[in-house]
Structures are given as C-alpha cells and as structure tokens.
Amino acid sequence: MKRPATQPVGLHLARVSKVVSRAFDDALAEAGGSRPMWLVLVSVKSGQWANQKELARSLGIEGATLTHHLDGMERAGLIKRSRDPSNRRVQRVELTKDGDAMFHRLRTAAVAFDTRLRQGLDDADARRLGRLLDRLQANVELGS
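Within any chain, residue numbers begin from 1 and follow the written order of that chain's sequence. This being a predicted model, a pLDDT of at least 70 is required before a residue's local features are given, and a value of 80 or more before pairs of side-chain atoms are given or counted; all residues contribute to the totals for chains, interfaces and linings. Only heavy atoms go into the side-chain values, all of them from the structure, while hydrogens and water stay out.

(A) Quick look at the pattern of salt bridges. Whenever a carboxyl oxygen of Asp or Glu lies within 4 Å of a side-chain nitrogen of Lys or Arg, that contact is scored as a salt bridge. Within the structure shown, the criterion is met by 5 salt bridges. With its nearest N and O atoms 2.8 Å apart, the salt bridge here joins Asp114 to Arg118. Exposure classes here rest on a 1.4 Å probe applied to the protein chains alone. A residue is buried below 20% of its type maximum, exposed above 50%, and partly exposed in between. Residue Asp114 is classed as partly exposed on the basis of its relative accessible area, which comes to 33%. Look at the salt bridges and you will find they share partners, linking Asp71, Glu74 and Arg81 into a network.

(B) Layout of the packing of helix 2 (residues 35–46) against helix 5 (residues 97–117). Two elements in contact, helix 2 and helix 5, have axes separated by 10 Å at closest approach and are oriented at 115°. In terms of orientation, helix 2 lies roughly perpendicular with respect to helix 5. Handedness of the crossing formed by helix 2 with helix 5: left-handed. In this structure, helix 2 contributes Met37, Trp38, Leu41, Val42 and Lys45 to the contact, and helix 5 contributes Gly99, Asp100, Met102, Phe103, His104, Leu106, Arg107 and Ala110. Split into classes, the residues belonging to the contact of helix 2 with helix 5 amount to 8 nonpolar, 2 polar and 3 charged. Where helices are involved, their axes are fitted lines through C-alpha atoms of the stretch in contact, as for all axes, and angles between N-to-C directions lie from 0 to 180°. Starting at the N terminus, helices and strands are each numbered in turn, a helix being any DSSP run of H or I of at least four residues and a strand any DSSP run of E of at least two. The labels follow the angle: roughly parallel below 35 degrees, roughly antiparallel above 145, roughly perpendicular from 65 to 115, and oblique for the rest. Left-handed describes a crossing in which the near helix is turned anticlockwise from the far one by less than a right angle; the clockwise case is right-handed. The criterion used for residue contact is that any of the two residues' heavy atoms lie within 4.5 Å. For this classification, Asp, Glu, Lys and Arg are treated as charged, while Ala, Val, Leu, Ile, Met, Phe, Trp, Tyr, Cys and Pro are nonpolar and the rest, including Gly, are polar.

(C) The packing of aromatic side chains, seen in detail. Centres within 6.5 Å make a pair out of two Phe, Tyr or Trp rings, where for Trp the six-membered ring is used; the pair is then stacked when the planes are under 30 degrees apart, edge-to-face when over 60, and tilted otherwise. Across all of its chains, the model carries 2 aromatic pairs by this definition. For the pair Phe24 and Phe113, a centre-to-centre distance of 5.2 Å together with 50° between the ring planes defines the contact as tilted. In this pair, Phe24 is assigned in helix 1 (residues 9–30) and Phe113 in helix 5, connecting sequence segments 89 residues apart. We note that Phe24, like Phe113, is buried.

(D) Geometry of the nonpolar core. Ranked by size, the top nonpolar core spans 25 residues in total, and within it Met37, Trp38, Leu41, Met73 and Leu106 carry the most contacts. Looking at this core element by element, the count peaks at 6 residues for helix 5. Not counting chain neighbours up to four residues away, the residues in contact with Leu41 comprise Met73, Leu95, Gly99, Met102, Phe103 and Leu106. Nonpolar cores are built from buried Ala, Val, Leu, Ile, Met, Phe, Trp, Tyr and Cys residues. Side-chain atoms within 4.5 Å join them into one set.

(E) Here's a closer look at the environment of Leu55. For Leu55, the location among the structural elements is in helix 3 (residues 52–59). Under the relative-accessibility criterion, Leu55 is labelled buried at 2%. Spatially, the C-alpha atoms of Leu55 and Val40 are 8.0 Å apart, while their sequence positions differ by 15 residues. Those residues in contact with Leu55, other than ones at most four positions away along the chain, are Ser43, Val44, Trp49, Leu66 and Val93.

(F) Representation of the environment of Asp25. Looking at the secondary structure, you find Asp25 in helix 1. Taking the C-alpha atoms as reference points, Asp25 and Gln137, separated by 112 residues in sequence, lie 22 Å from one another.

(G) Local environment of the layout of surface pockets. The volume enclosed by the largest pocket comes to roughly 850 Å³. A cavity here means a set of points on a 1 Å grid, drawn over the protein atoms and nothing else, where a 1.4 Å probe fits but cannot get out; a pocket is an open set with protein on both sides within 12 Å along at least five of seven lines, and a residue lines either one if it has an atom within 4 Å of a point. In terms of lining residues, the largest pocket is bounded by 22 residues, among which Val16, Val20, Leu117, Leu129 and Leu133 are the most central. Listed by contribution, the elements that provide at least two residues to the lining of the largest pocket are helix 1, helix 5 and helix 6 (123–142). At 8 residues, helix 1 tops the list of elements feeding residues into the lining of the largest pocket. Counted by class, the lining of the largest pocket contains 14 nonpolar, 4 polar and 4 charged residues. Grid points are joined across faces, edges and corners, and a volume is the space filled by probe spheres set on the points.

As structure tokens, then:
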C-alpha cells in the first residue's frame, strides 16, 4: 500500500505496526502459542533472569501480569516454579521438557515470520530499518 504524501509518519507507523503485530500473533497462534508465551519462553530460555521479579522487569510488565501468564503456562506444563532455597520469597522459573519443545516450535514460527517480513529487503535495508526504528524510539523517549 502506497502512503499518501500527507500521511504523518507516526500514523503510518502505527498502522503498519498493528498489521505486523496481528500477523505475528497469528503465526504464533498457528504454532500453538501467543506473544506473551513466546516472550516468557525466550526470556526463561536465555537464563538471564534469576527470578520472577527480574523476568517481569525485563519484559516491561507488572509482576501481577507475569504471574497471570506464568499460572497458565504452569497449568499447561510449560514451566515450573520453585522457591529459591536461600530466599523463600523469591520464585525461580524454569522450562519443562514440554516448555522447551514449545520454545522450539514458536522459535521456528518466529523465524519463518521474520523471513516473510524481510521479503524484498536485503541486509543493508534491514540494518537501515533497524537504525530508523531505533531513531524513532529515541525521539519518543527524549520527548517523555
């Protein structure tokens, strides 16, 4: 779709973002997951976050929201939570065997979606787009 010359960049970005987000959500759903599930699985798989509080902070969500997602994932057998023996108030999160399998299914879907999204872009285009998106984000954050 060609953008009219008068359409503001922010409006165009919002529209494209919505279309891309919906398509990504659909790709993850076809693989049996969701975006929140994918974000949690990637974060837990990376092993960077020692506990549930750090995991919520890394995802940019409130602890209660993360707890909601983790409850569902635990019921589905994708993760297990345990208390830290040195501090019983701290919850540790680990992937189960089924959680690891789901991670790999969703990673395959995410990679395929990224390949689809990059059609017609070479590596230089992708790097330039990344820099432009970073610039837009910085511009917004500077205005906050």
